Amino acid sequence: MSTARRQDIACRELVEILTEFLEGALDEQLRTRVEQHLVLCPGCREYLRQFRATIGATRKLAEEDLPPRVRENLLNAFRDWRHGG
Amino acid sequence: MPSATGDTGAETPVRAWKFLDSGHIAPFGGHVWPAPAAGSPGEWVRFSGREIFACRIVDLPWWIASELWEIELEAPVRAMETQVAAAAGRLLRRVLAWDSATLHAYGVACAERARDLALDALTRDGRLEEAQALARAPSMLELCRVARGLAGEARERLSSNLAGYGAESSMRASEGAAAAAANITANAVVAALDDPEVFDRERQWQAQWIAERAGLASIPVAAL
């Protein structure tokens, strides 16, 4: 089997490792597979763009930007999620 | 000639090729590359903890994007399976022959090769009228429509399978997704010949197409 052809990756796989990809935490082989998938897949490229935009927007947020009620709701949602709710 | 992976042995800066998104933006990292100005190369780019990646001609089909640039890489240059890497690089010039029309033509050329595989298989199967219908398709969209119809019939046949590849490849070409059209065609060749090794051969054909249409072949790429 061609070594190059073995590198196909599914959209679902990419979504699962996108955070590691953006943090530069993937090994070279996997990072290359992700990038080759991005070349082929406009949907995943758009997902990456939105992901980056979200990271950029949240970086600009300070804790005090959050209204108390929203903050409480958010914390409750995280607590429920951690308890499997 | 370098090995498939490892140091190319180059001790002087090496010229290679780099695809970028519109506005000379790195497709994955979002970095805006400094463009050449007033006849001088762009500024050297060096990232902390990350290399600069570029293409040999044979690598081009893997990294298609809207802009193609000639890049100078700082030695030593590391050869990888589908790209080369160096600690620093700078843009030398944009390859103007690689424009939206050439990109579209590349996708169409690849889709037509997938169509031809289906045509051969249909003819061998005695499906002559269907082969003629496929051959007559005047556009990528029509080719996609006809091939899709043929792919739905007798799915176990190789000719139907290849019509399916032809439908997918022509659809991608019509959408302007040339890289995807090329990849589907390379997979169609594997299916047609039942030989995984021909995938790389089809990629080489694609690389040669790009090099010829973009006028890259005449530029020596030292040590690559």
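Read on for a plain summary of the structure. Owing to the predicted nature of the structure, the values given are computational and were not obtained by experimental measurement.

## Re the overall build of chain A
Phase 1: Along the backbone of chain A there are 4 helices and 0 strands.
Phase 2: Along its sequence from the N terminus, chain A presents helices and strands in the succession α-α-α-α.
Phase 3: Classification of the 85 residues of chain A by burial places 25% in the buried group.
Phase 4: Of all intrachain contacts in chain A linking residues separated by at least 6 positions in sequence, the fraction that spans at least 24 positions is 51%.
Phase 5: Split by element, the accessible area of chain A, about 6,100 Å² in all, is 53% carbon and sulfur.

## Notes on the pattern of salt bridges
Phase 1: Here the structure, examined in full by the defined rule, presents 18 salt bridges over all chains.
Phase 2: A salt bridge links Glu46 of chain A to Arg49 of chain A; the nearest nitrogen and oxygen atoms lie 2.6 Å apart. Taken together, the positions of Glu46 of chain A and Arg49 of chain A, both in helix H3 (residues 42-59) and 3 residues apart, correspond to about one turn of that helix.
Phase 3: Arg93 of chain B is the salt-bridge partner of Glu70 of chain B, the closest N and O atoms lying 2.6 Å from each other. Of this pair, Glu70 of chain B sits in strand S4 (residues 67-73) while Arg93 of chain B sits in strand S7 (residues 89-94); the two residues are 23 residues apart in sequence, bridging distant segments of the chain.
Phase 4: Relative accessible area serves as the criterion here: at 30%, Arg93 of chain B is assigned to the partly exposed category.
Phase 5: One salt-bridge network, in which partners are shared between bridges, spans Glu28 of chain A together with Glu51 and Arg78 of chain B.

## Observations regarding the sheet that holds strand S2 (residues 14-20) of chain B
Residues and elements named next belong to chain B.
Phase 1: Here we have 3 strands laid out as an open sheet, ordered S2-S4-S7, and antiparallel in their pairing. Strand pairing shows two members of the sheet lacking a second neighbour, S2 and S7, which therefore form its edges. On average, adjacent strands in this sheet sit at an angle of 40 degrees to one another, irrespective of strand direction.
Phase 2: Sheet topology note: the S4/S7 ladder contains 5 bridges and is antiparallel. Note that in S7 the partner of Trp69 across the bridge is Arg94.

## Concerning the packing of helix H1 (residues 100-124) of chain B against helix H6 (residues 198-214) of chain B
When two helices pack together, their arrangement is given by the angle between their axes and by how far apart the axes lie.
Residues and elements named next belong to chain B.
Phase 1: Packing of H1 against H6 leaves a shortest axis separation of 11 Å and a crossing angle of 150 degrees. Considering only the axes of H1 and H6, their crossing is right-handed. Taking contact as the criterion, the partners of Thr102, Ala105, Tyr106, Ala109, Cys110 and Arg113 in H1 are, on H6, Glu202, Trp205, Gln206, Trp209, Ile210 and Arg213.
Phase 2: Residues of the contact of H1 with H6, tallied by class, amount to 7 nonpolar, 2 polar and 3 charged.

So, how was this worked out
Residues numbered from 1 in each chain as written. Chains lettered and ligands numbered in written order. Predicted model: local features only at pLDDT ≥ 70, side-chain atom pairs only at ≥ 80, totals over all residues. Heavy atoms only, no water. Helix = DSSP H or I, 4+ residues; strand = E, 2+ residues; numbered from the N terminus. Buried < 20%, exposed > 50% of the residue type's maximum accessible area, 1.4 Å probe, protein only. Contact = heavy atoms within 4.5 Å. Areas by Shrake-Rupley, 256 points an atom, 1.4 Å probe, with all protein chains shown as cover. Salt bridge = Lys/Arg side-chain N within 4 Å of Asp/Glu carboxyl O. Pairing = 2+ DSSP bridges. Axes fitted to C-alpha atoms, helices over the stretch in contact; angles between N-to-C directions. Left-handed = near helix turned anticlockwise from the far one by under 90°. Nonpolar A, V, L, I, M, F, W, Y, C, P; charged D, E, K, R; others polar.

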